[in-house]
Amino acid sequence: MFVFARLPFRPSSWLMREQHVGSDSRIQEKLLFPLCPTYQTSIWMFRTALARFQNKWKSYRHRFVPWVALNLSRNEKTLRKVTERSKDKLVPDEEVSRSLLQLFRVLLRSHGADHGQLRALQNHFLGQVTSEEDQCGGSSVCGDDVMLQSLGFCLDRQPSSLPSAGTGVFVTKGCVPKGATVAMYPGTVYQAYEPILLQSIRNPFVFRCIDGVLIDGNDKGISKMVFKSCSGRDRMGPFIMSDTSWLTSTPQNPLAVGQYVNNCSYETPANVCYQEYDVPDNFPIRLRQYLPNVNYSHEAQRPLRCVVLVSLRDITAGEELFSNYFTIVH
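From a predicted model like this one, the values you see are computed outputs, not experimental measurements. The residue numbering used here restarts from 1 in each chain and proceeds along that chain's sequence as written. The predicted origin of the model limits local features to residues at a pLDDT of at least 70 and limits the giving and counting of side-chain atom pairs to 80 or more, whereas totals for whole chains, interfaces and linings rest on all residues. Only hydrogens and water are removed before side-chain values are computed, so all heavy atoms of the structure are retained for them.

### Section: the confidence of the model for the protein
The test is simple: The predictor attaches a confidence to each residue, and that confidence, scored 0 to 100, is pLDDT. Note on contacts: a residue pair qualifies if any of its non-hydrogen atoms lie within 4.5 Å across the two residues.
When the pLDDT values of the protein are averaged, the result is 80; 73% of them are 70 or greater. Under a pLDDT of 50 for its full length, residues 1-21 has, in the predicted model, 22 contacts with residues more than four places off or in other chains.

### Regarding the pattern of salt bridges
A side chain with one charge may pair with a side chain of the opposite charge, provided their charged atoms come close. Operational definition: Within this document, salt bridges are pairs made up of a side-chain nitrogen of Lys or Arg and a carboxyl oxygen of Asp or Glu, the two lying within 4 Å of each other. Strands are runs of DSSP state E lasting at least 2 residues, helices are runs of H or I lasting at least 4, and numbering of each runs from the N terminus. Think of it in three bands: residues with accessible area under 20% of the maximum for their type are buried, residues over 50% are exposed, and the middle band is partly exposed, with areas taken using a 1.4 Å probe on protein chains only.
Overall, the coordinates contain eight salt bridges when judged by the stated rule. The shortest N-O distance in the salt bridge between Asp211 and Arg302 comes to 3.1 Å. Of this pair, Asp211 sits in the loop between strand E8 (206-208) and strand E9 (214-216) while Arg302 is found in the loop between strand E12 (293-295) and strand E13 (305-311), placing the two residues 91 residues apart along the sequence. The exposure class of Asp211 is partly exposed, given its relative accessible area of 29%. Note that Asp219 is salt-bridged to Lys220, the shortest N-O span being 3.2 Å. Here Asp219 falls in the buried class, since its relative accessible area comes to 8%.

### Notes on the nonpolar core
A general tendency of soluble globular proteins is for nonpolar side chains to be buried together. What counts here: Put simply, buried Ala, Val, Leu, Ile, Met, Phe, Trp, Tyr and Cys residues joined by side-chain atoms within 4.5 Å make one nonpolar core.
In terms of nonpolar packing, the biggest core is built from 49 residues, with Phe104, Phe153, Leu155, Met184, Phe283 and Leu321 touching the most fellow members. Listing elements by their share of this core, those giving two or more residues are helix H3 (93-112), helix H5 (143-151), strand E4 (153-159), strand E5 (167-176), strand E6 (181-185), strand E11 (272-278) and E13. A per-element tally of this core places H3 first, with eight residues. The residues touching Phe283, leaving out its near neighbours within four places in the chain, are Leu101, Phe104, Tyr277, Arg288 and Leu291.

### Observations regarding the side chain of Gln259
Here Gln259 lies in the loop between helix H7 (221-233) and strand E10 (262-263). When its relative accessible area of 6% is taken as the criterion, Gln259 is described as buried. Once residues within four sequence positions are removed from consideration, Gln259 is found in contact with Tyr185, Pro186, Phe205, Gly217 and Trp246.

### A look at a nonpolar patch on the surface
This is how it is decided: Two distance rules govern patches: like charges are joined within 9 Å, and nonpolar side chains (Val, Leu, Ile, Met, Phe, Trp, Tyr) within 5 Å, applied only to residues with over 30% relative accessible area and no salt bridge. Residue exposure ignores everything except the shown protein chains as possible cover, and the areas themselves are Shrake-Rupley values with a 1.4 Å probe.
On the surface, a cluster of nonpolar side chains totalling about 540 Å² of accessible area is made up of Leu197, Leu198, Ile201, Ile222 and Met225. Mapped onto the nonpolar patch, the elements with two or more residues apiece are helix H6 (197-200) and H7. Mapping Leu198 onto the fold places it in helix H6. A relative accessible area of 58% places Leu198 in the exposed class.

### Some points on the pairing of E5
Operational definition: Strands pair, by our definition, only if DSSP identifies at least two bridges between them.
Pairing of E4 with E5 involves seven bridges; the strand directions are antiparallel. Each residue of the ladder has a partner; that of Gln158, found in E5, is Gly168. Where E5 lies against strand E14 (residues 315-316), two bridges are found, and the strand directions are antiparallel. Bridge pairing in E14 links Cys175 to Thr316.

### What to know about the sheet that holds E14
The strands making up a sheet associate through backbone hydrogen bonding, with each pair oriented either parallel or antiparallel. The strand order across the open sheet built from three strands is E4-E5-E14, with neighbouring strands paired in antiparallel fashion. Every interior strand has two partners, whereas the edge strands, E4 and E14, have only one.

### With respect to unusual backbone geometry
A positive phi angle, close to 55°, is found at Arg202, a residue other than glycine. Mapped onto the elements, Arg202 comes out in the loop between H6 and E8.

### Examining the state of the cysteines
Stated formally: Only a pair of cysteine sulfur atoms within 2.5 Å counts as a disulfide in this structure description.
Under the defined criterion, the tally for this structure stands at zero disulfides. With no disulfide of its own, Cys209 lies 9.8 Å from the sulfur of Cys306, the closest cysteine sulfur.

### Examining the side chain of Asp219
Basically, it comes down to this: We call two N or O atoms a polar contact when they sit within 3.5 Å, provided that within protein one can donate a hydrogen and the other can accept it, with sequence-adjacent residues counted only if both atoms are side-chain atoms.
Inspection of the secondary structure assignment puts Asp219 in the loop between E9 and H7. Here Lys220 takes part through its side chain, which lies 3.2 Å from a polar atom of the side chain of Asp219. In terms of polar contacts, Asp219 uses its side chain to reach the side chain of Tyr260, at 2.8 Å. Setting aside residues no more than four positions away along its own chain, Asp219 makes contact with Lys224, Trp246, Leu247 and Tyr260.

### Describing the packing of aromatic side chains
Centre distance and the angle of the planes are the two values used to describe a pair of aromatic rings. To keep things clear, this is the line we draw: Between the rings of Phe, Tyr and Trp (Trp by its six-membered ring), a pair exists once the centres lie within 6.5 Å; its type follows the angle of the planes, with under 30 degrees stacked, over 60 edge-to-face, and the other angles tilted.
Per the stated rule, a full pass over the model turns up eight aromatic pairs. A centroid spacing of 5.6 Å and a plane angle of 40° characterise the contact between Phe104 and Tyr290, whose relative ring orientation is tilted. Taken together, the residues span a long stretch of sequence, with Phe104 in helix H3 and Tyr290 in the loop between E11 and E12 at a distance of 186 residues. Here Phe104 and Tyr290 have matching classes, each one buried. Aromatic pair Phe227 and Trp246: ring centres 5.2 Å apart, planes at 90°, arrangement edge-to-face. Of this pair, Phe227 sits in helix H7 while Trp246 sits in the loop between H7 and E10, and the two are 19 residues apart along the sequence. Accessibility assignment for this pair places Phe227 and Trp246 in one class, buried. Through successive ring pairs, a cluster of aromatic residues spans Phe104, Phe283 and Tyr290.

Below is the structure:
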């Protein structure tokens, strides 16, 4: 005769916990059976893989079109809406150019003392000094002072105030007035028909403009190599046509941190917004060395596309910058 006994199912598998409350109120645990090492390893591998997937999904979901479409109605407060493409601009391009030129001229003066030989070669190449920035002296000024002197505020990359958001951008000194150019989105500029598949793999820094132009703001891996290659290709004699220092931890253009501005939320509304800006043809050649963007194709038949971040309100020191990752054009 065989007797079968049905054991009650325990969710904790082979682990049976018995609680003993003593004078010290400690909880003791007893193992009914030892856990299988293979089982423990499998559980650990599954939990590790799941945690990695969740972290990747948090950064990628905002670029997964089906997820975006399904969640638009749930994130009304984090969307920016404009009636036409032309309405995307918060301030005129002339005002953006004026702010950039103001900063870049101070940068050129501050770097003049360290690059005197290069400037002499540039003067010889041009034949004469014709612009205001060339006639200025070469007093050396540190990066924060340059930004504070020309724009009235300073920025810095620091751990974000949002949980699991990584790096953020903060105003550390001064005050940002409404309508000011706060930052620039650096990276290689791809036209809508140009290949970007390899560069976009596991890349959360690809920015899409309204007209389909893409800007790859990743400062690592293949994206970094592509930008440095294109920048070297476009150099005109002694003139550097783009800034590669944004690929490092100390960019010479302090505005080139726009790729680290985090998305807004219900608790933290946006205080800056993205604005597309095409660099005019009359932009001084000596100041192009501070532009953190370069065309992927040397034969691009259009002005260099930049994306700047413009303040929606006054921003005081200590505040983090937040933008709208999505702009809806009706």
